[in-house]
Structure formats: structure tokens, C-alpha cells
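The chain contents come next:
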Amino acid sequence: MTDLHTTQFQIEGMSCASCVGRVQRALSVVPGVTEATVNLANESALITHDSRVSTVDLVGVLQDAGYPAVVDEVTLDVQEMSCASCVGRVERALAQAEGVMTASVNLAAETATVRFADGAISPAEIAALASAAGYPAQVKTAETSDKADRKADEIRSLARRTLFAAVLALPVFIIEMGSHVLPGMHHLIVSTIGLQTSYFLQFLLTTIVLFGPGLQFYTKGYPALFKGAPDMNSLVALGTSAAFGFSLVSTFAPTMLPEGTANVYYEAAAVIVVLILLGRLLEARAKGRTGEAIRKLVGLQAKTARVERDGTVVERPIEEIVAGDVVHVRPGEKISVDGVVLTGSSFVDESMITGEPLPVEKSEGANVVGATVNGTGALTFRAEKVGSDTMLSQIIRMVEQAQGAKLPIQGMVDRITQWFVPAVMVVALLTVAIWFLFGPDPALSLALVAGVAVLIIACPCAMGLATPTSIMVGTGRAAEMGVLFRKGDALQMLQESGVVALDKTGTLTAGRPALTDLILAEGMDETDVLRMVAAVERNSEHPIAEAIVAAAEERGVSLPEVNSFTSITGFGVKAQIEGRDVLIGADRLMTREGLDLGDLAAHSSTLASKGKTPLYAAIDGQVAAVIAVADPIKPTTPQAIKALHSLGLKVAMITGDNQVTAEAIAEELGIDHVVAEVLPQGKVAALESLSADGGKLAFVGDGINDAPALAAADVGVAIGTGTDVAIEAADVVLMSGDLLGVVNAIDVSQQTMRNIRQNLFWAFGYNTLLIPVAAGVLYPFGGPLLSPVLAAAAMALSSVFVLTNALRLKWIRPAVDRADDTVKNSDLNLKSAPAS
């Protein structure tokens, strides 16, 4: 009879008895479900089913029925994982549990991320599953998330054990290997302590090494072997046990062995343990450095803040700050949490969030971000977001999620390593058998040496570390550069993209109109014209009018009072200032008033062809200037487009603007492809047309109307200064407001994936080449028979190489140096028209 299982789910969306009936019917018709009981009061379903039905199947059925199961996610800190086989074992232990949908284990981060059906299983029960599999785990919380202390303790413990083992193994190595290498050493030992006494001494010291510092290999390796799931510890345990066991027989019962084969290999067993412990020590130290990005981010947080309580200002830990508190910030202090300025004025260094080097002015009504640094002014602000809701906490959470991600390329590694250790054990047995049956004398000794070397050299540590270490270091470095990978697979998908599609407004451009050109008629004064025009436009709320007023204020132009103001519908405005008549409007207004445009008409056409909006200003019946207003291109945009091209990418622009304006901007920036006059809902279709050749496509946007396109693209990249909706829909978030962040994101992606491929090539190539060498294929041709000691050293070196190579990503430089941020909208194109 098929085993029955009972799974409980929490369900959303049920409001009445008919909902209950629908859920029950949907579940009951699933083949393998024997009973489904739905409870409206506690919004749960209890399902009895056989092994044909998985949790994922049931969640899908509920989703299709319109009553989705509540799915939650938990991250575990998992200890004592040492290789890719450990990763596979933990994943299988977690994934096979009722209620668990997916489980992803990261060896470098020593974490497991598990998605589970709420109500079917609890986080504590999930952690217990990993612990039962032999890998102690606990739910990651604020208290356990900082692993620096635990990692430091682990490193100190490993260092002590490695040193102790090395001190004991050194005499064994000198006695045995010295007899083979140093002339006269063997005779010295025989004539002093005697050969048998030297065996006893080696036995004693090696026993202490194996069952002291090396005991963990046996307590973990043999249980895993007996369960049919051998790992790296199993390989080490088998290899050292074989060397130690053969040496025991040679020492205490040599007559049991064929004549001439009673050799001891104590030094191999002892030194293997030392070298593998040393390799793990170096790994632990390197792993500790891979998580530096998170620790740096956590270290940015302020520890205390000065808060108003009961009419007085007191210093409190930031954990005690609640939304609504009034916080006082002195010059030079860190801002504790996110909020809105109430009083004061200062410049705040926000480079840790945005990457922008220049401090940002803050005054009443401005937003401030926790962990940024106040300048020389004093501020008070109202706390808006505290604790886990602050921007810094969200950034830390994004980085942790990205670092714990499993890329598609890792799937291939997992499939290989699942069968790798058993395959190595088979190869080792075949090696021993072939050497014993066909090898030269002493065949048994040579068979033992080759078999142990195969077991030791093939440990798949490097395979397990190849991908996650690069991800951790790469995404951490990206975060320091203001690039947040919200979804792990975006790291791989971004470097596969051949086209980068860009939204125009707010992405390529500033997202707000600005005065770009003021071309004067002969004899007109620039300041006088600008003050008159801005004074008139101050009465309008039109974005074009606001741009003109902002330009005047930025240049310090004082604006006179307007005596009369008349709006001429469809044409422009008319006003009187200081006894002078002022007209502002399109060319048709000037024509209606009978005014000659002169040479300014040609300038107007040129401006319009560049996608700018030209207006005319006339003073006292004479055309004084043509004014151009446009959404200005961000200062760093041209540099970013050029850099994207240098990375081998095509650049497209998607915009709702008219074709003429779009083409003008595209020509100015060197954009390869333009899709213009697109409605918000049409951006997804535009993306589909751009990716028609089957290549991967990245889309960059910032607005609410970009959210569907961000979600539909292979990789959605959101400008961090954009809307929350856009950021939530994106795979990658740029904390800065310019396109240089896109270049950095792609560059980090490319360098990280290149690093992963280097690691995988080394890990797989190393095993592919050295396992046959360890098995002795070169020996018949005059080549070496690899010593188990050298095999252990090579195995440790492989893991250290992978980790060291991954750590190179810490020194990735920004792909493009940030352009000078002092460019302002006041840098207008001011010139006079030539005399007619």
C-alpha cells in the first residue's frame, strides 16, 4: 500500500462557504489526494495524499483555483559543510520534507534558503532537518546573521588543531621520508632506536593525529558512507584508514603480508590530515573575506541617536527609535534612520547610498537616509522608516539574497557533484585492483599508494566553492559601487544580454524640463531678457514656465513685479512689466502680432529638429529672443552610451515622445535603435520586437509605467531614484540616478561570470587531469606514481586557488569614472543672432 502523507496549508482569499467548497473540490480531484479538509475559520487546508503528490503540485492547484497557499521563505545558517557533496546532501534533506517547495544551499555563505508552505512546516522544523542530516543549522535572525564571531572562533580552532597535528606529524614525516631521501638516515635510525621502535613511535604519533585533530573526518565520513551518500570526509577517512590500517599490519603482524610488502605509510596518513586541515583553515579565512561587503554595510549603521522624549533630547540606541520620533543631528554625525527634515539646513554625504561624490543639500521637507553623514549644519528630522524598513536594511537584505542565489550554471555543477564522489570511490577500487593484479612488485604497496592518492586528490571542495564564492564577492563589490542584484540569476543573465533598451524620460534625461538655449536678437541684453521672461512665467504652473523661472533663480536674477497678465489661449501670454509690454509664445503668436522673426526663425527650426521646444519673447513690439526648453540629457549619459558600445552591446531607446524628437536624441547620443510614440502598455511589445532574434535583452527604466517592461525583460534594471513600483519589478537596482551604474552592473556581471568559468575550468580540469595521474597511468611510461601526501597538498591548493581567484573580484574598478557632477542646467547656450 502506498504511504500516505498529511500536509497542511494556510490559504489566502477564502471569504465564505462556497470558497471552501471550491478549494475542496480542486484538491479532491488531484490524483493521489485521498482527503481534503478546508477550514474557513483558520483559513487552512489539511490534505491527505500519497507520494505521487508533492507540495509544489498542491501549491499549484491552489494557485489555479484562485486561493493561493501562503508561501514563506527562511534562511538558515548551516555549519560543517565542507564540499559540494555536503551541499547536495543538505538540499536533498530539506527538499524531501513535506511542505518544502525549494531549497538552495550556498557553500561559500554557509546558508540555506528554503521556500515553504506556511502551515505545512515551520522554520524550526526545517532547521532540524539539516541538523538531522549531520549539518547543525539554525534559523538566521538578527542575532545570528553576523557570523564574524563564529567564523573567528572556527578559524582559531582550526589553527590550533592544524598546528597540533603538524607538530606531531613532523617527526613521523622526518623519520619515514628522511630514510628515503637523506643518505645515511635509515642506518642512523636502525643503529640508534631501531627500525621497529621507529615504527612504534610513528604509530603512536599518527594515532594521536588521526583520532585527535583528524577525528572529524571519521565521525562524519563513515556515517555518510554507510548511509550511501559519501562526501569529502568519506574520501579522506577511507584514504587515511587504508594507509593507517596497512601500516598497522606491517608494524604488528608483518607475516600476514607477502614478503617484501610490509611497508609503513604512517607519514601519508598523518601528513594528509595536516594538509587537509591546513586547506580548510585557508578556506575559512578566505570565506571570511568573501562576506566583507555585508559586514561593511552593517558597520555603516549609526549605533545611537539623539531623540526628543518628554520635551528633552536624550541619546538612545537606534533600536529604540520609532516612526514619528523627532531626531536631532549634530554636524559630522551619522543620520540614524530614514526621515524628513523638519528644521535646519546642511549638506549630507550620501555617497554610500548613491555613489555620488558631492554632498547633497538638505533643508525643510527634504528626505534623509539612515547611515549617511551630516556635514557642517545641524538638522532635526522626523523618523519615517526604522529598523528593517530603512533603505540600508533593504540594501543589506538585497545583497544577502543575491549572495545566496544559485545561478543556472550551478545546476550543471550540482548534477556532476551528486555522482562525483561515488564515481571516485569506484575509480579508487579499480585502481587498487588493477595495480594488485597487474602491477610490479611490491604490487600491494603500489596498489595502496595509488588508491589512497585517488581518494585524496579527488575531493570536490573546489567544485563546490567555484560558483558561490564568486557570486558573494562579485555582488558584494557591486553593492559597494551602488549596484544591487535583487535576483541572483540576473548576474548571469545580464552578461548574456546583447541589447540594452533604455527608457528616455528619467533614464537618459533628467525627467524634468530645463531651459537649454537662450538666443538673443541683436542689441538685446541676456540678463534683462531672462528677468522679464521669468517674471511673466512665474505666474504659470506649466512645466516649461517652471523651467524658465528655475533657470533665472539659478543664475541669481532678481524678478520684477508683473503689473498685468493675460493668457492668450492657444498662443501664449502677454504681460506688462515696469511699463514695458512683454509677449511670450510660439511663432504663431509673433505672426499674429505682426512681428518679424528675422534670423531667429532659422534658429527656431534648428532647435525644433533637435527635439527642443522653441518659444519666442518680444519686448515693446520687437522680437528679443528665441528660448528653447527640453528635458536635458543627464551629464553622464553620453559617456555611458559610449561605454555600453565598448562592452559590445547594442543600445535601443523606447519612448512615448514623437519620432522627430526621439530620432534627434538618438542621433546626438549614438543610439542604435529607436522605438518612439509608444504608450506605456506598448513597451512590453516593443521589447519583444527588439529580442526577436532570440538574444537576451536588458531594459532600464525608472517610472511606474516602466514596471511591466522591467518585469518582462530578461533583466530589468531600475534607476534607484525612480519609483518604488519600478524598483520592485526590477532584477537589478542602481542606487545612483545615471546610466554609469548600468555600465558598472554589466561590467561586474561579465567579470564575475568570467571568474566563475575560470574557477569551474580549474576545478573540473584539475580533477580530470590529476585523478588519472594519481591512479598511476604515467607510471608504466616512466612517469611518477603520485604520493598521497602530494595528492593532499594538491587538493588543498585547488580550493585555495578557487577562493583566491574569487577574491580578485573585490578589486573590480568602476568601468567608467563618474563624470564631473558640477554640470548644471544653468550652463545654457547663450548667444546672439547675427546682425541682419
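Since the model is a prediction, treat every value here as computed from it, not as a measurement. (Residues numbered from 1 in each chain as written. Predicted model: local features only at pLDDT ≥ 70, side-chain atom pairs only at ≥ 80, totals over all residues. Heavy atoms only, no water.)

Visitor: What is the right way to look at the overall build of the protein in this model?
Guide: Across its full length, the protein holds 29 helices and 30 strands. Sorting the 836 residues of the protein into buried and exposed places 52% on the buried side. Considering only intrachain contacts with a sequence separation of at least 6, the fraction spanning at least 24 residues in the protein is 69%. Taken as a whole, the protein presents about 36,200 Å² of accessible surface, with 57% of it coming from carbon and sulfur. (Helix = DSSP H or I, 4+ residues; strand = E, 2+ residues; numbered from the N terminus. Buried < 20%, exposed > 50% of the residue type's maximum accessible area, 1.4 Å probe, protein only. Contact = heavy atoms within 4.5 Å. Areas by Shrake-Rupley, 256 points an atom, 1.4 Å probe, with all protein chains shown as cover.)

Visitor: Can you walk me through the pattern of salt bridges in this structure?
Guide: Side chains that carry opposite charge are capable of pairing whenever their charged atoms lie near each other. Scanning the entire structure with this criterion turns up 14 salt bridges. R309 is paired through a salt bridge with D325; the nearest N and O atoms lie 2.5 Å apart. Separated by 16 residues along the polypeptide, R309 in strand 8 (residues 304-309) and D325 in the loop between strand 9 (312-317) and strand 10 (326-329) bring together distant segments of the chain. Residue classification places R309 among the partly exposed positions, given a relative accessible area of 24%. In this structure, the salt-bridge partner of R531 is E578, at a minimum N-O distance of 3.1 Å. Of this pair, R531 sits in helix 19 (residues 526-537) while E578 sits in the loop between strand 21 (572-577) and strand 22 (580-585), placing them 47 residues apart in sequence. Where salt bridges share partners, they join D528, R531, E578, R580 and D620 into one cluster. (Salt bridge = Lys/Arg side-chain N within 4 Å of Asp/Glu carboxyl O.)

Visitor: I'm lost on the sheet that holds strand 14 (residues 367-368) in this one. Help?
Guide: Sheets are built from strands that pair by backbone hydrogen bonding, the pairs being arranged parallel or antiparallel. The six strands lie next to each other as 9-8-10-16-11-14, forming an open sheet whose pairing is antiparallel. A single partner strand is all that each edge strand has here, and the edge strands are strand 9 and strand 14. Sheet topology note: the strand 11 (residues 338-344)/strand 14 ladder contains two bridges and is antiparallel. Across the sheet, V340 pairs through a bridge with N367, a residue of strand 14. (Pairing = 2+ DSSP bridges.)

Visitor: Hey, could you run me through the environment of V800 in this one?
Guide: By the element assignment, V800 lies in helix 29 (residues 788-807). Under the relative-accessibility criterion, V800 is labelled buried at 18%. Separated by 519 residues in sequence, V800 and L281 have C-alpha atoms that sit 9.8 Å apart.

Visitor: Explain helix 4 (residues 123-132) to me, please; I cannot follow it from the model alone.
Guide: Because an α-helix completes one turn every 3.6 residues, residues spaced three or four positions apart along the sequence face the same direction. Listed as buried for helix 4 are I126, A127 and A130. What you see down the axis of helix 4 is that its buried residues fit within an arc of 100°, all on one side. Exposed positions of helix 4 whose direction lies more than 90 degrees from the buried face are A124 and A132. (Arc of directions from axis to C-beta.)

Visitor: What should I look at first to understand the packing of aromatic side chains in this one?
Guide: Think of a pair of aromatic rings as described by two things: how far the centres are apart, and how the planes are tilted against each other in angle. According to the stated counting rule, one finds 11 aromatic pairs in the structure shown. Both rings, one in F203 and one in F244, keep their centres 6.2 Å apart while their planes meet at 15°; by these two values the pair is stacked. In this pair, F203 is assigned in helix 7 (residues 195-211) and F244 in helix 9 (residues 232-252), connecting sequence segments 41 residues apart. F244 sits in the buried class, given a relative accessible area of 9%. Taken together through their ring pairs, the aromatic side chains of F200, F203, F211, Y218, Y222, F226, F244, F252 and Y266 make up a single cluster. The ring of F571 has R588 sitting right over it, with the charged end atom 6.0 Å from the ring centre. (Phe/Tyr/Trp six-rings, centres within 6.5 Å; stacked < 30°, edge-to-face > 60°. Lys NZ or Arg CZ within 6 Å of the ring centre and 35° of its normal.)

Visitor: Got a minute to help me understand the packing of helix 15 (residues 443-457) against helix 29 in this structure?
Guide: Axis angle and axis distance: for two packed helices, these are the angle between their axes and the distance between the axes, and together they describe the pair. Here helix 15 crosses helix 29 at 10°, and the two axes come no closer than 8 Å. Judged by the inter-axis angle, helix 15 sits roughly parallel to helix 29. The segment helix 15 lies against helix 29, with V449, V452, A453, I456 and I457 engaging P788, A791, A792, A794 and M795. Along the lines of polarity and charge, the residues of the contact of helix 15 with helix 29 split into 10 nonpolar, no polar and no charged. (Axes fitted to C-alpha atoms, helices over the stretch in contact; angles between N-to-C directions. Parallel < 35°, antiparallel > 145°, perpendicular 65-115°, else oblique. Nonpolar A, V, L, I, M, F, W, Y, C, P; charged D, E, K, R; others polar.)

Visitor: Help me understand a nonpolar patch on the surface, please; the structure alone is not making it clear to me.
Guide: Taken together, V426, L430, I434, F436, L437 and F438 make up a surface patch of nonpolar side chains, about 680 Å² in accessible area. When you line up the elements, I434 lands in helix 14 (residues 408-438). (Patch = residues over 30% accessible without salt bridge, like charges linked within 9 Å, V, L, I, M, F, W, Y side chains within 5 Å.)

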